Amino acid sequence: MFTLQQLLAPRGPDNIKTLQALYEGSFVCAQRLISLNLKATRSIMESNVSGIKAMMAAQGVPALCATQSEMAHQLIQQAVGYAIDFNEVIAENQQGLSGVLDAGSGSPPTGAPVAKKTPTTAAGTKMMIDVMKAMLDAATASRDTMLEMARQVDAGVAERTGTK
């Protein structure tokens, strides 16, 4: 295992700044992914709690059905909204991965000199590619989960109303 200093040592000052920007970008994407997952979970749980309270307070079958429909509509909107947010993280991760691949291929970023490839720079590039791919997979899985949840709620509403 290489240390960050070992990975950066063979690179010139311009390439160190480029590599640093790539690392920072990957951590920003990871932070956004974690934040979105927490926010989505909290938001959906809170709306479910308030929806259950509203259903318990509903007077009669028509009010109960209206409350259920409103809950389902709100849940679908939330899930699709979070799926869109996850798509933004996916796009950012794909851009970051392209940057890492460009850096690893020896293609210099705009105006930067080509860095000499060494075993440590190759290991650093592979590590960053693995990190970015893992975040991309996590964001994609989160998006797919949100969309599947929206599909299941929508199918449940259609089945309950007989519009399937």
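These numbers were taken from a predicted model, which means no experiment stands behind them.

A.B. asks: Tell me what's going on with the overall build of the chain, and back it up with residues and numbers.
C.D. replies: Summing up its helical and strand segments, the chain has 4 helices and 0 strands in all. If you list the helices and strands of the chain from N to C, you get α-α-α-α. Expressed as a percentage of the 164 residues in the chain, the buried residues total 32%. Sequence separation of 24 or more characterises 82% of the internal contacts of the chain that already satisfy a separation of 6 or more. Carbon and sulfur atoms provide 62% of the accessible area of the chain, an area that totals close to 10000 Å².

A.B. asks: Would you mind going over the pattern of salt bridges in detail, with residue names and values included?
C.D. replies: Evaluated as defined, the whole model comprises 4 salt bridges. The salt bridge involving Arg 32 is made with Glu 88; its shortest N-O contact spans 3.6 Å. Here the residue Arg 32 occupies a position in helix 2 (residues 13–57), and Glu 88 occupies one in helix 3 (residues 61–104), the gap between them amounting to 56 residues. For the salt bridge of Arg 143 with Asp 144, the shortest nitrogen-to-oxygen distance reads 3.0 Å. It is possible to trace a salt-bridge network through shared partners that takes in Arg 32, Glu 88 and Glu 92.

A.B. asks: Describe the nonpolar core, listing the residues and the values that go with them.
C.D. replies: Considering soluble globular proteins, one finds that nonpolar side chains tend to be buried as a cluster. Membership of the largest hydrophobic core comes to 23 residues, with the highest contact counts inside it found for Tyr 82, Phe 86 and Met 146. Broken down by secondary-structure element, the contributors of at least two residues to this core are helix 2, helix 3 and helix 4 (119–161). The biggest single contributor to this core is helix 3, with 9 residues. The contact partners of Met 146, leaving out residues within four places of it in the chain, are Ala 40, Ile 44, Ala 79, Tyr 82, Ala 83 and Phe 86.

A.B. asks: Residues and numbers for the confidence of the model for the chain, please.
C.D. replies: Overall, the predicted model of the chain reaches an average pLDDT of 76, with 72% of residues at or above 70. Per-residue pLDDT, averaged within each element of the chain, yields its smallest value for helix 1 (residues 4–8) (54) and its largest for helix 3 (83).

A.B. asks: Explain the environment of Ala 83 to me, using residue names and the numbers behind them.
C.D. replies: In this structure, Ala 83 sits in helix 3. Residues in contact with Ala 83, not counting those within four places in the same chain, are Arg 143, Met 146 and Leu 147.

A.B. asks: Provide a residue-level description of the environment of Leu 97, including the pertinent values.
C.D. replies: Tracing the sequence through the fold places Leu 97 in helix 3. For Leu 97, a relative accessible area of 13% gives the class buried. For the pair Leu 97 and Asp 130, spaced 33 residues apart in the sequence, the C-alpha separation amounts to 9.2 Å. Not counting residues within four places of it along the chain, the set of residues in contact with Leu 97 comprises Ile 129, Met 132, Lys 133 and Leu 136.

A.B. asks: Outline the side chain of Gln 78, supporting the account with residue identities and numerical values.
C.D. replies: With respect to the secondary-structure elements, Gln 78 resides in helix 3. Not counting residues within four places of it along the chain, the set of residues in contact with Gln 78 comprises Ser 43, Ile 44 and Ser 47.

Cut-off values and rules
Residues numbered from 1 in each chain as written. Predicted model: local features only at pLDDT ≥ 70, side-chain atom pairs only at ≥ 80, totals over all residues. Heavy atoms only, no water. Helix = DSSP H or I, 4+ residues; strand = E, 2+ residues; numbered from the N terminus. Buried < 20%, exposed > 50% of the residue type's maximum accessible area, 1.4 Å probe, protein only. Contact = heavy atoms within 4.5 Å. Areas by Shrake-Rupley, 256 points an atom, 1.4 Å probe, with all protein chains shown as cover. Salt bridge = Lys/Arg side-chain N within 4 Å of Asp/Glu carboxyl O. Core = buried A, V, L, I, M, F, W, Y, C linked by side-chain atoms within 4.5 Å. pLDDT = per-residue confidence, 0-100.

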